[in-house]
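Okay, here's what each chain looks like letter by letter:
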Amino acid sequence: MAKVIYPGTFDPVTNGHIDIVSRAVALFDEVIVTVARNPGKTSLFTVEERVEMLKESLKDYKRVVVDSFDGLVVNHAKQVGAVGIIRGLRAISDFEYEFQMALMNRKLAGEITTILLMPHARYTYLNSTIVRNLAQFQGDVSEFVPKIVVEKLKIKFGKNKE
Ligand code: COA
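A few points on the structure. (Residues numbered from 1 in each chain as written. Predicted model: local features only at pLDDT ≥ 70, side-chain atom pairs only at ≥ 80, totals over all residues. Heavy atoms only, no water.)

## Looking at helix α4 (residues 92-108)
With 17 residues, α4 extends 25 Å from end C-alpha to end C-alpha; this agrees with the ideal 24 Å at 1.5 Å per step. Within α4 the residues assigned to the buried category are Asp94, Glu98, Ala102 and Asn105. On its buried face, α4 is in contact with α3 (73-79), β4 (84-88) and β5 (113-117). (Helix = DSSP H or I, 4+ residues; strand = E, 2+ residues; numbered from the N terminus. Expected span 1.5 Å × (residues − 1). Buried < 20%, exposed > 50% of the residue type's maximum accessible area, 1.4 Å probe, protein only. Contact = heavy atoms within 4.5 Å.)

This is how it looks when you write it as structure tokens:
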């Protein structure tokens, strides 16, 4: 059984991330979507909130598990018995960073393979920072993120009374 992990910050999960998960599910038996606990970024949502939003957004995918991890991504991959690490590649600008990370992870654990998947072209310009900015200034994010994230962003930015 081929199991892979899909690590990220997911602050919050976007439709671009969901697109990557749907492609990974078509290729592997189990996909563990895993939230990094200490990526050195200050986050809008807590790890628990990010896990909850991912679980709700991915509840229809029977072979997807959501969890979180501390420390090195390759150690988590080994712990859960994953053969690979899924990452999304949206544009050439993502490539250098992903390439560096993949080579470092290979050096750390040669048996874990990085698999880069490209989301649909409509998501190439999308990232979590843009979504957070848009929501903060009352922009409509419903086209870019799952329903639960739209709701949670409204609560975060004080629009739940509408
Ligand atoms: N669609 C939309 N957006 C996407 C996307 C997709 N398919 N794929 C990535 N993104 C966006 C994210 O939303 C995020 O946007 P933001 O920076 O505006 O918030 C950005 O791309 C970065 O993506 P993310 O997946 O969160 O990566 P990251 O650079 O924060 O790295 C880890 C997260 C977990 C992979 C990394 O921090 C890590 O491996 N940490 C553990 C330590 C370790 O093992 N390091 C490796 C050894 S070098």
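## Remarks on the site of the ligand
If you check the shell around the ligand, you find 23 residues, and the closest are Thr9, Val73, Tyr97, Ser128 and Thr129. A distance of 3.3 Å separates an oxygen atom of the ligand from a polar side-chain atom of His17. Within the contact set of the ligand, an oxygen atom lies 2.8 Å away from a backbone nitrogen or oxygen of Val73. Its free accessible area being 940 Å², the ligand has 84% of it covered by the protein chains. At the level of elements, α1 (15-27), α4 and α5 (128-136) are the ones that each hand at least two residues to the shell around the ligand. (Near = heavy atom within 4 Å. Polar contact = N/O pair within 3.5 Å; in protein donor to acceptor, adjacent residues only side chain to side chain. Areas by Shrake-Rupley, 256 points an atom, 1.4 Å probe, with all protein chains shown as cover.)

## Some details on the environment of Glu49
With respect to the secondary-structure elements, Glu49 resides in helix α2 (residues 47-57). Given the relative accessible area of 22%, Glu49 is considered partly exposed. Through-space distance from the C-alpha of Glu49 to that of Ile148 is 11 Å; in sequence the pair is 99 residues apart. In contact with Glu49, not counting residues within four places along its chain, are Leu44 and Lys156. Separated by 3.4 Å, the side chains of Glu49 and Lys156 make a polar contact.

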